[in-house]
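# Structural overview
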Amino acid sequence: MSKELVFGHQNPDTDAIVAAKAFSYYENKMGADTEAVALGEPNEETQYVLDYFDEPALRVITKASDEVDSVMLVDHNEPQQSVSDIADVTVSHVVDHHRIAGFDTAQPLFYRAEPLGCCSTVIYKLFQENDIEIPAKLAGLMLSAIISDTLLLKSPTTTETDVAVVKDLAKIADIDYETYGLAMLKAGTNLDSKSEKELIDADAKSFEMAGKTVRVAQINTVDLDDVFKRQAALESAAKDENASDGYDLFLILATNILDSNSELLVVGNPTEPVEKAFGKTIANNRLSLPGVVSRKKQVVPQLTDAFNA
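Basis of the calculations
- Residues numbered from 1 in each chain as written.
- Predicted model: local features only at pLDDT ≥ 70, side-chain atom pairs only at ≥ 80, totals over all residues.
- Heavy atoms only, no water.
- Helix = DSSP H or I, 4+ residues; strand = E, 2+ residues; numbered from the N terminus.
- Buried < 20%, exposed > 50% of the residue type's maximum accessible area, 1.4 Å probe, protein only.
- Pairing = 2+ DSSP bridges.
- UniProt positions renumbered as here; feature names shortened; annotations may be inferred.
- 1 Å grid on protein atoms, 1.4 Å probe; cavity = no way out; pocket = protein on both sides within 12 Å on 5 of 7 lines; lining within 4 Å.
- Points joined across faces, edges and corners; volume = space filled by probe spheres on them.
- Patch = residues over 30% accessible without salt bridge, like charges linked within 9 Å, V, L, I, M, F, W, Y side chains within 5 Å.
- Areas by Shrake-Rupley, 256 points an atom, 1.4 Å probe, with all protein chains shown as cover.
- Salt bridge = Lys/Arg side-chain N within 4 Å of Asp/Glu carboxyl O.
- Core = buried A, V, L, I, M, F, W, Y, C linked by side-chain atoms within 4.5 Å.
- Contact = heavy atoms within 4.5 Å.

## Re unusual backbone geometry
Residue Pro270 follows Asn269 across a cis peptide bond; omega there is 0 degrees. With respect to the helices and strands, Pro270 occurs in the loop between strand S10 (261-268) and helix H10 (272-278). A positive phi angle, near 55 degrees, is found at Asp131, a position not held by glycine. Checked against the element boundaries, Asp131 lands in the loop between helix H3 (119-129) and helix H4 (136-150). In the Ramachandran plot, Leu152 falls in the positive-phi region, its phi being about 60 degrees despite a non-glycine side chain. Residue position: Leu152 is located in the loop between H4 and helix H5 (160-173). Overall, Leu152 belongs to the buried group, its relative accessible area being 17%.

## With respect to the sheet that holds strand S6 (residues 110-113)
Strands pair in a sheet through their backbones, by hydrogen bonds, and they do so in one of two ways: parallel or antiparallel. Pairing within the open sheet is parallel, and its 6 strands lie in the order S3-S2-S1-S4-S5-S6. Two strands lie at the open edges of the sheet, namely strand S3 (59-60) and S6, each paired on one side alone. Sheet topology places strand S1 (residues 4-7) next to strand S4 (residues 70-74); 3 bridges connect them, and they run parallel. Along S4, the bridge assignment pairs Phe7 with Leu73.

## Notes on the UniProt feature "domain: DHHA2" (unreviewed entry) in the protein chain
UniProt marks residues 181-307 with the feature "domain: DHHA2" (unreviewed entry), using the numbering shown here. Annotated as 41% helix and 28% strand, the span residues 181-307 places its first and last C-alpha atoms 36 Å apart.

## Details of empty space enclosed by the protein
Throughout the structure, instances matching the rule amount to 1 cavity of 30 Å³ or more. Estimates place the volume of the largest cavity at around 50 Å³. Along its surface, the largest cavity is lined by His9, Gln10, Asn11, Gln80, Gln81, Ala204, Lys205, Ser206 and Arg215. Counting residues per element, the lining of the largest cavity draws most heavily on strand S7 (residues 204-209), at 3 residues.

## So, a nonpolar patch on the surface
Together, Leu182, Val222 and Leu258 line one region of the surface with nonpolar side chains, adding up to about 220 Å² of accessible area. Here Leu258 lies in the loop between strand S9 (249-256) and S10. Among the residues examined, Leu258 registers a relative accessible area of 46% and is labelled partly exposed.

## A closer look at the pattern of salt bridges
Enumeration according to the criterion identifies 17 salt bridges in this entry. Note that Arg230 is salt-bridged to Glu196, the shortest N-O span being 3.0 Å. Within this pair, whereas Arg230 is found in the loop between helix H8 (224-228) and helix H9 (231-245), its partner Glu196 is found in helix H7 (residues 196-201), the two being separated by 34 residues in sequence. By relative accessible area, which is 14% here, Arg230 ends up buried. Looking at Glu196, the relative accessible area reads 22%, which means it is partly exposed. Here the salt bridges do not stand alone but share partners, grouping Lys3, Glu35, Arg59 and Glu67 into one network.

## Some remarks on the nonpolar core
One recurring pattern in soluble globular proteins: nonpolar side chains tend to sit buried together. Counting 50 residues, the largest nonpolar core has Phe23, Ile123, Met142 and Leu169 as the members making the most contacts within it. Sorting the residues of this core by element identifies helix H1 (14-29), strand S2 (34-38), helix H2 (44-52), S4, H3, H4, H5 and helix H6 (177-187) as the ones contributing at least two each. Top element by residues in this core is H4. It accounts for 8 residues. Apart from the residues lying within four places of it in its own chain, the contact partners of Met142 are Val18, Ala22, Ser120, Ile123, Tyr124, Phe127, Ile134 and Leu169. Of all hydrophobic cores here, the second largest spans 21 residues; its members include Ile282, Leu303, Ala306 and Phe307.

In structure tokens, the structure reads:
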């Protein structure tokens, strides 16, 4: 049996790293030979989680084909979000909770995708279905991933399943998920220590929309002013990445995790679909988006429809 690597998307968030750890553990219990790796360093929130549970960070890779022939993807499926040489390896498994786009394989594969708030929730269901016990530390990690993706169960992506799974994992990990979750989310909002490039790269994904490449970054904060006092510098960093990486449009979604409101910074063109998507006019390169917290559910689908209209 050949070893396979398990990893989440580029610019990994807490779920991308935890889901890789959880699914690798699950697959190894099922008899596979896998190693969980990452496509980037952990952000501050994820590092808080790893430190809290005394868990080592994952080994970071930039290529997979020089190590293995097959890989398993978690928390993503779109090729532009994956490892650089994804076309040179066989994808044997995918576990995800996002849209499916630009993904195809030459061979049959295991594919599990559910419209839940977090990929780790899907993986939890696999553990339950196959009667595999979740260790306390892994339960804490998976709990953290769900809290991260659902903003402590306040995001519109949250389902009843996510809520039930969080409560069960909290029992296994013996943790007060509400107190811990708020501290964890706040740990990821220390913006002053980061450069503008670090801020827009920390949680960013690229999407193909009607022939345009749209980059959507999200910055969580407890005060939107902490983000927009740096607006000019953020715009400059986004323009640089548009030029260097071929993005047509760079959108920076700044989200207040305390009141669940966001503001969108728009850099590049075309801007008309952005205005159409949200029914608002861009002013000073910005759009106010009250009640918007989810890139997956409240931003990308609306943009995709507007671009394709």
